[in-house]
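Spelled out, the chains give:
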Amino acid sequence: MLNAHQQQIIRLLIASHGMSRTAIAQNMKLSKAAISTLIKEMLHAGLVEESIPEASGQGRPSVLLKMRADSAYFLGASLLGEAITLVLIDMHGRALANRVLPLNLDPEQLTHAIADAIPPLVAAQGISTDQLIGLGVTLSGFVDEHQAVCVQSALLGWKDVPLAEMLKARTGLEVSLENDAKALAVSEKIFGLAKKVRNFTLISHSDGIGSAHFFQGQLHRGAHGAAGEIAHCTIEPGGRPCRCGKRGCLDTLASLTAIRENMRDKAIAAQTLPELEIQAAKGSRAAIAILHQAGNALGLAIANIVQMNDPELIVIAHHPGAFDGLLQTVVMQAIDANVLPSIMGKTPISTIVLDDESWARAAASVAAYRFLIHLPE
Ligand SMILES: [Zn+2]
């Protein structure tokens, strides 16, 4: 078992692309000799490995320590699409294998489907069960503060489903549930663009819009687990009705669902956002108007986040080709137009493209994150 210092070393290594013993010692305010002893045990246990960077400039480059990719494995299941996607990742966040399973909305049957798929998936990679640390599940909706119960999901039609307990009973694995945008933020924090960032916001632009925040290196869940529900921030008071019962929510103006509805209402010859962008580029005023409305609403919502939280980074996750044209331009303009001039242009905005596996990988990251923050004593 790892002691508290070794757990801290693991956190430092995960948060970096590798660190020298000297840098670890300085960070932890321990002697280099003490660090070397701790690391010797971790090398012996197969948790970390040494890598020697290319020599640059004068002197011998110091040996960097990194987590070994094969030191631990995590599973993730996404319940966001029309099927369940199950993915296996290693300690570097790389997806090694996946399975697509039929989605049965009955929690009991869903539990059986996931549990039955795990042993062959893992065995095919030659991984032993003791290397498999946990299972993360991502879904659209609210999850309780223990990440064990799906409190409510309109998409799944669930209320108070203790899915983590059900899956644990069938698989023997530690199971953590997480809302979709929060899972994606966790994934970017431990394996992606936000690895070295302590304060950032992720915005997911999909059929609905989600967001999640990291403050001081910690995921912000809020008092009821509902932090980051940007979709239902009122952007247009008294605007069009939203599925949540309110009016003028961000989702009614800028989500892919809203954009598609607008395309139908205005009888535009486009089915998807990339096709709408093509119409706008050709000069269709109706297409330009829809993209302006969505971009202004999304930009205003992001500007309010920047103004309130002053994050180091904003990450926008979007579908392929769905944040490249006029929509992106208008979002950027609206952000700049709605923050104080003194912070205008100071928040970097990065984008990532969602693919079929993104949500399942994010779910697996949730299991990895839980492992890292609750390492056994
Ligand atoms: Zn709403």
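See the structure above.
This structure is a prediction, so every number in the text was calculated from the model and none was measured.

> What am I meant to see in the pattern of salt bridges here?
Two side chains carrying opposite charge are able to pair once their charged atoms lie near each other. Under the criterion given, the structure shown has ten salt bridges. Taking the shortest distance from any N to any O, the salt bridge between Asp-70 and Arg-68 comes out at 2.9 Å. Where Glu-178 meets Arg-221, a salt bridge forms, and the shortest distance between an N and an O atom there is 2.6 Å. In this pair, Glu-178 sits in strand S11 (residues 174-179) while Arg-221 sits in the loop between strand S14 (218-219) and helix H7 (251-254), placing the two residues 43 residues apart along the sequence. You'll find Glu-178 and Arg-221 in the same group, each marked buried. Three or more residues joined by partner-sharing salt bridges are found here, namely Asp-355, Glu-357 and Arg-361.

> I'm lost on the nonpolar core in this one. Help?
As a rule of thumb, nonpolar side chains are buried together in soluble globular proteins. Ile-9, Ile-24, Phe-74 and Phe-200 are the most contacted members of the largest nonpolar core, which has 51 residues in total. No other element matches helix H12 (residues 358-373), which puts ten residues into this core. Aside from chain neighbours lying at most four places away, what touches Ile-9 is Ile-24, Met-28, Ile-35, Leu-38, Ile-39 and Met-42. Residues Ile-259, Met-263, Ala-297 and Ile-302 belong to the second largest nonpolar core, which totals 34 residues.

> Explain the coordination of the zinc ion to me, please; I cannot follow it from the model alone.
For a metal bound by four donors in a tetrahedral arrangement, the ideal donor-metal-donor angle is 109.5 degrees, while six donors in an octahedral arrangement ideally sit at 90 or 180 degrees. Surrounding the zinc ion are the protein donor atoms His-232 (ND1), Cys-242 (SG), Cys-244 (SG) and Cys-249 (SG), which sit 2.0 to 2.3 Å from the metal. Taken together, the four donor atoms coordinating the zinc ion span angles of 104 to 121° at the metal, a pattern that classifies the geometry as tetrahedral. Positions of the donor residues of the zinc ion along the chain correspond to the pattern H-x9-C-x1-C-x4-C. Classification of Cys-242 as buried rests on a relative accessible area of 9%.

> What's the story with the state of the cysteines in this structure? I'm lost.
A disulfide bridge is the covalent bond that connects two cysteines by way of their sulfur atoms. Counted according to the given criterion, the structure contains zero disulfides. The thiol of Cys-233 is not disulfide-bonded; the next cysteine sulfur, from Cys-249, is found 8.2 Å away. According to the relative accessible area criterion, Cys-249 is buried, its value standing at 0%.

What counts and how
- Residues numbered from 1 in each chain as written.
- Predicted model: local features only at pLDDT ≥ 70, side-chain atom pairs only at ≥ 80, totals over all residues.
- Heavy atoms only, no water.
- Salt bridge = Lys/Arg side-chain N within 4 Å of Asp/Glu carboxyl O.
- Helix = DSSP H or I, 4+ residues; strand = E, 2+ residues; numbered from the N terminus.
- Buried < 20%, exposed > 50% of the residue type's maximum accessible area, 1.4 Å probe, protein only.
- Core = buried A, V, L, I, M, F, W, Y, C linked by side-chain atoms within 4.5 Å.
- Contact = heavy atoms within 4.5 Å.
- Donors = N, O, S within 2.8 Å, 3.2 Å for Na, K, Ca; no water.
- Tetrahedral: all angles 85-135°; square planar, octahedral: opposite > 155°, others 65-115°.
- Disulfide = S-S within 2.5 Å.

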